[in-house]
Amino acid sequence: MKNSKVILALCFLLGWINMGCEPAETQKEEMTEEVKLTIKVEKVAQIGEQEVFSYLLDNGKMQVEMSNYGGLISRIWTADKSGKVENIALTLDNVADYLTKPNPFFGATAGRVANRIADGSFTLDGKTYTLAKNNGENTLHGGLEGFNKKVWDSEPYSNDSIIGVKMTYLSQNGEEGFPGNLNTTLWMELTLDDVLRIRFESETDQATLVNLTNHTYFNLGGMKCDVQDHVFQFDAFAYTPVDDELIPTGEVRPVDGTPFDFRELKVLGDQIAANGGGFDHNMVMKNEPSADLIHFVTVVHPETGRKMEMYSDNVGVQFYTGNFLSEFAGADGVIYDKHWGFCLESQNWPDAIHHENFPSPILRPGEKYSHLIEYRFGTE
């Protein structure tokens, strides 16, 4: 483990030269500021031969707690406009609790296929594959034991501007019904300028489906009330309507004239009311995959001044407003209720294997799945 140090240039030598000829009242003392990037590692559990760790990343201004259990982000501490630091991620009291207490995917890596697959089955290259139905008649976030319940191999890393954890997981052929041995690498890192960066890469030895994301629930107000007072702006020009089971109908509908039009800043509570109770929908950011990292969303909490911007290279983002949260016993004695948090799950469009007009979720041997997400934090 090493601590990377960034020394801000302050021209001490020039200061000493000037002090000799300036009047005492005009002399300016140059200060040296040191910023330390640190990683604290703690073993929190043992599952067979696999060790579960908690990693605390600190850039001197904000902290992120994560774990190799489920590729998990468990806490994010950021300052408000007055300098008060609070956790802004819905979570359990400690990482070890994730091994024993059910939760709605707080902070987890969702995969092998995030979101829903209709009827718990799909056909690929003429063969039908049957999956576990863990969301009514559908498969959600990879099945009964998706990537959120796996212990990943992990290794911390750092340089002069980044601290992070590299995690790897081999999902074997047939796991949760999916074909192919899928090797996935996940990098989660914190930068000096308060960016939480998440990057996925996957390769397979057989045609399969891949759609990975992070499922953090955010509350920029610091868990004091629900998130309906947050203000949102999406660059989404369309969305994919869903049926009663939250499965896309196959239509791609422009946001114009709908509650899904966040192209200008909108108060979330107003849009929730206009949409009849909340959002759990894919917002369309691109029509076709590309490597371009683009702005997806800006979120502001006016009372605290906290601001979060999301960038990604993917084609969509599942916007979820905690509609199914109900009297959930969260960390620090806080009860998470309906709309207590929001998720911005950058990903391919849901149930894409069943819609030829959606971007393909198929990964074949020799290809590489890649996906980059950035959450940029600040105040205004």
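Thresholds applied
Residues numbered from 1 in each chain as written. Predicted model: local features only at pLDDT ≥ 70, side-chain atom pairs only at ≥ 80, totals over all residues. Heavy atoms only, no water. Core = buried A, V, L, I, M, F, W, Y, C linked by side-chain atoms within 4.5 Å. Buried < 20%, exposed > 50% of the residue type's maximum accessible area, 1.4 Å probe, protein only. Contact = heavy atoms within 4.5 Å. Pairing = 2+ DSSP bridges. Helix = DSSP H or I, 4+ residues; strand = E, 2+ residues; numbered from the N terminus. Salt bridge = Lys/Arg side-chain N within 4 Å of Asp/Glu carboxyl O. Phe/Tyr/Trp six-rings, centres within 6.5 Å; stacked < 30°, edge-to-face > 60°. Lys NZ or Arg CZ within 6 Å of the ring centre and 35° of its normal. Patch = residues over 30% accessible without salt bridge, like charges linked within 9 Å, V, L, I, M, F, W, Y side chains within 5 Å. Areas by Shrake-Rupley, 256 points an atom, 1.4 Å probe, with all protein chains shown as cover. Lys, Arg positive; Asp, Glu negative; His and termini not counted. Charge placed at Lys NZ, Arg CZ, Asp CG, Glu CD.

Engineer: Which residues make up the nonpolar core, and what values go with them?
Structural biologist: Formed by 56 residues in total, the largest nonpolar core has its most connected members in Ile76, Phe234, Met283, Phe319 and Leu344. Setting aside its immediate chain neighbours within four residues, leucine 344 contacts Asn214, Thr216, Phe234, Val297, Val299, Met308, Met310, Val317, Gln318, Phe319 and Tyr375. The next biggest cluster of nonpolar side chains, apart from the first, holds 19 residues, and it includes Val52, Val151, Met223 and Trp340.

Engineer: Can you lay out the sheet that holds strand E14 (residues 182–191) for me, pointing to particular residues and giving the numbers?
Structural biologist: What the nine strands build is an open sheet, ordered E12-E13-E14-E15-E31-E25-E24-E19-E22; its pairing is antiparallel. One side of each edge strand has no neighbouring strand; the edge strands of this open sheet are strand E12 (153–158) and strand E22 (266–267). Where strand E19 (residues 231–234) and strand E24 (residues 294–301) come together, four bridges link them in antiparallel fashion. If you follow phenylalanine 234 over to E24, its bridge partner there is valine 297.

Engineer: Run through the pattern of salt bridges, naming residues and quoting values.
Structural biologist: Oppositely charged side chains can pair when the atoms bearing their charge come close. Applying the stated criterion to the full structure yields 20 salt bridges. Of the charged contacts, one joins arginine 116 and aspartate 280 as a salt bridge, the two residues approaching to 3.7 Å between their closest N and O atoms. In this pair, arginine 116 is assigned in strand E8 (residues 116–117) and aspartate 280 in strand E23 (residues 280–284), connecting sequence segments 164 residues apart. Comparing arginine 116 with aspartate 280 shows no difference in burial state: the two are buried. Between arginine 364 and aspartate 125 there is a salt bridge; the shortest N-O distance is 2.9 Å. Of the two residues, arginine 364 is situated in the loop between strand E30 (362–363) and strand E31 (369–379) and aspartate 125 in the loop between strand E9 (121–124) and strand E10 (127–130); the sequence distance between them amounts to 239 residues. One network of salt bridges, with partners in common, ties together Lys84, Glu86, Lys224 and Arg306.

Engineer: Now, about the sheet that holds strand E20 (residues 238–240): what can you tell me, with residues and values included?
Structural biologist: Judged by pairing direction, the sheet is antiparallel, and its six strands sit side by side in the order E18-E29-E26-E23-E20-E21 without closing on themselves. Every interior strand has two partners, whereas the edge strands, strand E18 (217–218) and strand E21 (253–254), have only one. With five bridges joining them, strand E26 (residues 316–320) and strand E29 (residues 342–347) adopt antiparallel strand pairing. If you follow glycine 316 over to E29, its bridge partner there is glutamine 347.

Engineer: Describe the packing of aromatic side chains, with residues and values.
Structural biologist: Inspection of every chain in the model, using the stated rule, returns 26 aromatic pairs. An angle of 85 degrees between the planes, with centres 5.2 Å apart, marks the rings of phenylalanine 106 and phenylalanine 328 as edge-to-face. With phenylalanine 106 in the loop between strand E6 (85–87) and strand E7 (109–110) and phenylalanine 328 in strand E27 (residues 328–329), this residue pair connects regions lying 222 residues apart in the sequence. Aromatic side chains phenylalanine 328 and tyrosine 336 sit 6.4 Å apart centroid to centroid with 5 degrees between the ring planes, which places their arrangement in the stacked category. Of the two residues examined, phenylalanine 328 and tyrosine 336, each falls in the buried class. Between arginine 199 and the ring centre of tryptophan 187, over which it is positioned, the NZ or CZ distance is 3.8 Å. When the ring centre of tyrosine 311 is taken as reference, the NZ or CZ atom of arginine 376 above it lies at 3.6 Å.

Engineer: Which residues make up the pairing of E26, and what are the values?
Structural biologist: Side chains on a regular strand alternate between the two faces of the sheet. Extensive coverage of E26 is indicated by the burial of five of its five residues. With burial as the criterion, each face of E26 is covered, one bearing Gly316, Gln318 and Tyr320 and the other bearing Val317 and Phe319. Two strands pair when backbone bridges link them, and E23 and E26 are joined in this way by five bridges, in the antiparallel orientation. Its bridge partner being in E26, histidine 281 is matched across the sheet by phenylalanine 319.

Engineer: Lay out a negative patch on the surface in plain terms, naming residues and giving numbers.
Structural biologist: Side chains of Asp119, Asp243, Asp244 and Glu245 sit close together on the surface and give a patch of like negative charge. By secondary structure assignment, the location of glutamate 245 is in the loop between E20 and E21. Overall, the relative accessible area of 41% leaves glutamate 245 in the partly exposed class.

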